[in-house]
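Report on the structure
The primary structure of each chain is shown beneath.
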Amino acid sequence: MIEFGHTAVGVGVRDQTAELVVALFDGATEDWRTDALAIMAQETQDPRGWVTLDWDSESDPAEAEQRPRSFPFTLSPESALGEGLHEISLDSAAPLIVALTDEWFEVKNIPDFVNRKEQLLADARILLARFGRDAICYTTAGNARTTRDPDFFQPIRGGVGITEHLMDLGLLVVSASEVGVFWRFNAY
């Protein structure tokens, strides 16, 4: 099973024609960037009832109430979300999700990685399967500047940070009906 430390996982629906949208995400737009920003601002709920992981808010609810709902993301609707993103293949997204489980984004730090590699990839593919084979993936990782198929099992080069933390790395998965946000934060 993939375990995330300080990681945000959120999914919002994009298809306004689905019955579920009215109840769970009334405000989906034509632009996936707007939907992703709504997820980052915690203005949505998962249309399938999947749990959103937010250990910062759960560990200190009083402090969480003092912060903006979008914490730690520093983007606003006026921000150009797409400028720091690089498109990657769906096949590259699975290793990236595995790398996101380490606070420094390096698989060498994942306990027993060599023996668990295939199971971790299978778990990541289960998460990605929800979006279908036609999903488009974007990351802030610098490794993706020059290729759609970077090797995320090699050290990940810095990209564009969009949070208040020292380091962050993210993956956005966009299908015709949903947007998924997978983000890892390192505050050290």
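Residues numbered from 1 in each chain as written. Predicted model: local features only at pLDDT ≥ 70, side-chain atom pairs only at ≥ 80, totals over all residues. Heavy atoms only, no water.

A short note on the overall build of the chain
Along the backbone of the chain there are six helices and five strands. Walking the chain from its N terminus toward its C terminus, one meets helices and strands in the order β-α-α-α-α-β-α-α-β-β-β. Per-residue burial over the chain gives 51% buried out of 188 residues. Counting every atom, the chain has about 9800 Å² of accessible surface; 50% of that belongs to carbon and sulfur. (Helix = DSSP H or I, 4+ residues; strand = E, 2+ residues; numbered from the N terminus. Buried < 20%, exposed > 50% of the residue type's maximum accessible area, 1.4 Å probe, protein only. Areas by Shrake-Rupley, 256 points an atom, 1.4 Å probe, with all protein chains shown as cover.)

A short note on helix 2 (residues 32–40)
Burial analysis of helix 2 places seven of its nine residues in the buried class, which makes it a mostly covered element. Just past helix 2, the residue glutamine 42 takes up positive phi, approximately 55°.

Digging into unusual backbone geometry
Even without being a glycine, phenylalanine 105 presents a positive backbone phi close to 65°. Within the secondary structure, phenylalanine 105 sits in the loop between helix 5 (90–99) and helix 6 (113–129). A positive phi is found at aspartate 112, a non-glycine position, where the angle reads about 55°.

Here's the deal with the packing of aromatic side chains
Evaluated as defined, the whole model comprises three aromatic pairs. Between phenylalanine 131 and phenylalanine 182, the ring centres sit 6.4 Å apart and the planes meet at 75°, which makes this aromatic pair edge-to-face. Taken together, the residues phenylalanine 131 in the loop between helix 6 and strand 3 (136–139) and phenylalanine 182 in strand 5 (residues 178–186) connect sequence positions 51 residues apart. Like phenylalanine 182, phenylalanine 131 is buried. (Phe/Tyr/Trp six-rings, centres within 6.5 Å; stacked < 30°, edge-to-face > 60°.)

Notes on the environment of proline 155
As for its position among the elements, proline 155 is in the loop between strand 3 and strand 4 (167–174). Separated by 50 residues in the primary sequence, proline 155 and phenylalanine 105 place their C-alpha atoms 7.5 Å from one another.

Some details on the confidence of the model for the chain
For the chain, mean pLDDT is 75; residues scoring 70 or higher make up 70% of the total. Counting interchain partners and residues more than four positions distant, the pLDDT-below-50 stretch residues 1–27 has 94 contacts. (pLDDT = per-residue confidence, 0-100. Contact = heavy atoms within 4.5 Å.)

Observations concerning the pattern of salt bridges
A complete count under the given rule lists four salt bridges for this structure. A salt bridge links glutamate 178 to arginine 130; its shortest N-O distance comes to 2.7 Å. Note that glutamate 178 is positioned in strand 5 and arginine 130 in the loop between helix 6 and strand 3, a separation of 48 residues in sequence. Accessibility classification places glutamate 178 together with arginine 130 in one group, the buried group. (Salt bridge = Lys/Arg side-chain N within 4 Å of Asp/Glu carboxyl O.)

Notes on the nonpolar core
Within the largest apolar cluster, 30 residues are counted, with the highest numbers of intra-cluster contacts made by Val98 and Leu171. Per-element accounting of this core gives the leading share, seven residues, to helix 5. Ignoring sequence-local partners within four residues, the contact set of leucine 171 consists of Ile88, Ala93, Leu96, Ile97, Leu100, Leu128, Cys137, Tyr138, Gly180, Val181, Phe182 and Trp183. Counting 16 residues, the second-largest nonpolar core is a separate cluster that includes Met40, Leu85, Val174 and Val181. (Core = buried A, V, L, I, M, F, W, Y, C linked by side-chain atoms within 4.5 Å.)

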